[in-house]
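Given next are the chains, with one letter for each unit.
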Amino acid sequence: MDEKEKELVGRALSGDSAAFEQLILPYRRPLLILAYRMTGNMEDAMDIVQDTIIKCFQYLHRFNTDKNFRNWLFQISLNLARDALKKRHREKDLNQNCFHPDFDCPGFCCGEDAFNEEISTDLRIDINSCLSRLTARERQVFILRDLEGFSIKETARLLRLSGLSIRVNLSRARKKLREMISGKKDKSDRKGGKA
Amino acid sequence: MKCQKVKEKLYLYVSSDLSSATAGRIKKHLEICPDCRKEAEEIREVLENLKLAHVRDSKRLPDWSEERWARLMYRLYDSSPERKFSQVTDFFSWKVPAFRLAIISGVIFAVIAGFFFLKIEKNRKDISIPVQVGRVHSAADEKLTAEKNPAITTAPRLPELNLKTVTPENPARNQPLSSAPRRMTSEVGKKAEHLENSTATNSFFTPGPGAAPRLSIEAEAENRPDRIEMAFTLPESGVQLVWILDRNFHIEGGKK
């Protein structure tokens, strides 16, 4: 945690509401994206981030300033996202919502506009659809490690899992995603050859 | 290392999530195995594409509307008193570790116990040989007196049957102590005066309306006559026994 954040935390604790807003503002967007990746639903994500900020405001006095503020914030958000998923039985809905009937292999949107994207491959990856094919734990591990860039140790701490468990789930998630993408690529190549 | 084993570990190798020893073995294998090297490249490419897709998709996601954000901030500022309240209740909520509650209850118990102990100790000190003028000591009184003043221990133990004390004429005795002329010039006398005054506030041993005022043993020794006669009348035979005692209750003689 840098000095500026420490100072903002101190000011926010002494009742400076502007300091709190300044403290939370840089994380507003990352929190929203994380919650969206976890739930696959923008409205749920908004609610989770809102609850995260409220909890952060209420329990800021408990925060240890020697630790990373971002990690603490993400920890709250992850817990809320997991609770929301459990409560609303989102796991099942998420899989159904993100399924693309146009394609045999889920996780890709190979519409005409997809070929105009700046991505090096000729495939446009629908990240949410890909994530929906993973188990809840694999998805959480993959999002934190690969998309958010946390280390294995940090991911383990955030998810309250062992390092070994994180490695196993990460390896499985990557394998599944690669199989999805490779399978689609093969199909796309075959289609291109026929044409 | 076999290709099968290497391929399993490639998913972690590409992001340097393996131990240095394992990573070193895989690196050596990749140098000599083009097939595994190709697979490692493919995994890297897939991961890169996924990250790119994530970044691109994130840019397209809607952000907070200013109105919604302002509403949230307003809600937070508005609930500031609640926050202060939560800080206070936090300590007493069940989330607080049990040992903290145990410590608090222990301290409260210790304070209460200490208070009662001190009160009892104080009362015990106040008892300080409550000898009453004209009253004959009981066995318990004697014991207590002996603890406090060994000089008194020689006093004889009197029978408890039909006991009557006869004292020589002493006008000071017959008057209330407050009005009686007393020799309070000595240190002992002053102490006695002080003790007499202090007994008025002591609820435990405040004498009843008919009881004589209490004096300490030293004060009474000062006021006691030089010679005491004690008469006992036995109800069966009607015989009267008289004991003659000195001021320290030492038996000087007796008569029938």
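Just so we're clear, the structure is a prediction, and the values are computed from it rather than from any experiment.

**Quick word on the overall build of chain B**
And step 1. Looking only at helices and strands, one finds ten helices and six strands in chain B.
And step 2. Of all 256 residues assigned to chain B, the portion counted as buried reaches 30%.
And step 3. Counted over contacts in chain B with a minimum sequence separation of 6, partners at least 24 positions apart contribute 47%.
And step 4. Element-wise, carbon and sulfur atoms account for 59% of the exposed surface of chain B, whose accessible area totals about 17300 Å².

**Examining a nonpolar patch on the surface**
And step 1. On the surface, Ile108(B), Ile112(B), Phe115(B), Phe116(B) and Ile120(B) cluster together into a nonpolar patch covering about 520 Å² of accessible area.
And step 2. Inspection of the secondary structure puts Phe115(B) in helix 6 (residues 98-127).

**A word on the pairing of strand 4 (residues 227-233) of chain B**
And step 1. Relative to strand 5 (residues 240-246) of chain B, strand 4 of chain B runs antiparallel, the two being bridged by seven bridges. Considered in strand 5 of chain B, the bridge of Arg227(B) is made with Asp246(B).

**A word on the packing of helix 2 (residues 17-39) of chain A against helix 7 (residues 136-147) of chain A**
Residues and elements named next belong to chain A.
And step 1. Running from amino to carboxyl end, helix 2 crosses helix 7 at an angle of 145 degrees, the nearest separation of the two axes being 10 Å. Crossing geometry of helix 2 relative to helix 7 is assigned as right-handed. Residues Leu34, Arg37 and Met38 of helix 2 touch helix 7, and the partners they reach there are Arg139, Gln140, Ile143, Leu144 and Leu147.
And step 2. Tallied by class, residues from the contact of helix 2 with helix 7 come to five nonpolar, one polar and two charged.

**So, the side chain of Arg145(A)**
And step 1. Inspection of the secondary structure assignment puts Arg145(A) in helix 7.
And step 2. Engagement of the side chain of Arg145(A) in a polar contact is seen with the backbone oxygen of Ser15(B), the distance being 3.4 Å.
And step 3. Here the side chain of Arg145(A) touches Asp17(B) through a polar contact of 2.9 Å, side chain to side chain.
And step 4. Discounting chain neighbours no more than four positions away, the residues touching Arg145(A) are Phe150(A), Ser151(A), Ile152(A), Thr155(A), Leu170(A), Arg174(A), Ser15(B) and Asp17(B).

**Focus: unusual backbone geometry**
And step 1. Positive phi, normally seen in glycine, also occurs at Arg160(A), with a value near 55 degrees.
And step 2. Considering the arrangement of structural elements, one finds Arg160(A) in the loop between helix 8 (152-159) and helix 9 (163-194).
And step 3. For Arg160(A), a relative accessible area of 60% puts it in the exposed group.
And step 4. Of note in this structure, Ser16(B) is not a glycine but carries a positive phi near 55 degrees.
And step 5. Mapped onto the elements of the fold, Ser16(B) is located in the loop between helix 1 (3-13) and helix 2 (20-32).
And step 6. By relative accessible area, which is 65% here, Ser16(B) ends up exposed.

Conventions and cut-offs
- Residues numbered from 1 in each chain as written.
- Chains lettered and ligands numbered in written order.
- Predicted model: local features only at pLDDT ≥ 70, side-chain atom pairs only at ≥ 80, totals over all residues.
- Heavy atoms only, no water.
- Helix = DSSP H or I, 4+ residues; strand = E, 2+ residues; numbered from the N terminus.
- Buried < 20%, exposed > 50% of the residue type's maximum accessible area, 1.4 Å probe, protein only.
- Contact = heavy atoms within 4.5 Å.
- Areas by Shrake-Rupley, 256 points an atom, 1.4 Å probe, with all protein chains shown as cover.
- Patch = residues over 30% accessible without salt bridge, like charges linked within 9 Å, V, L, I, M, F, W, Y side chains within 5 Å.
- Salt bridge = Lys/Arg side-chain N within 4 Å of Asp/Glu carboxyl O.
- Pairing = 2+ DSSP bridges.
- Axes fitted to C-alpha atoms, helices over the stretch in contact; angles between N-to-C directions.
- Left-handed = near helix turned anticlockwise from the far one by under 90°.
- Nonpolar A, V, L, I, M, F, W, Y, C, P; charged D, E, K, R; others polar.
- Polar contact = N/O pair within 3.5 Å; in protein donor to acceptor, adjacent residues only side chain to side chain.

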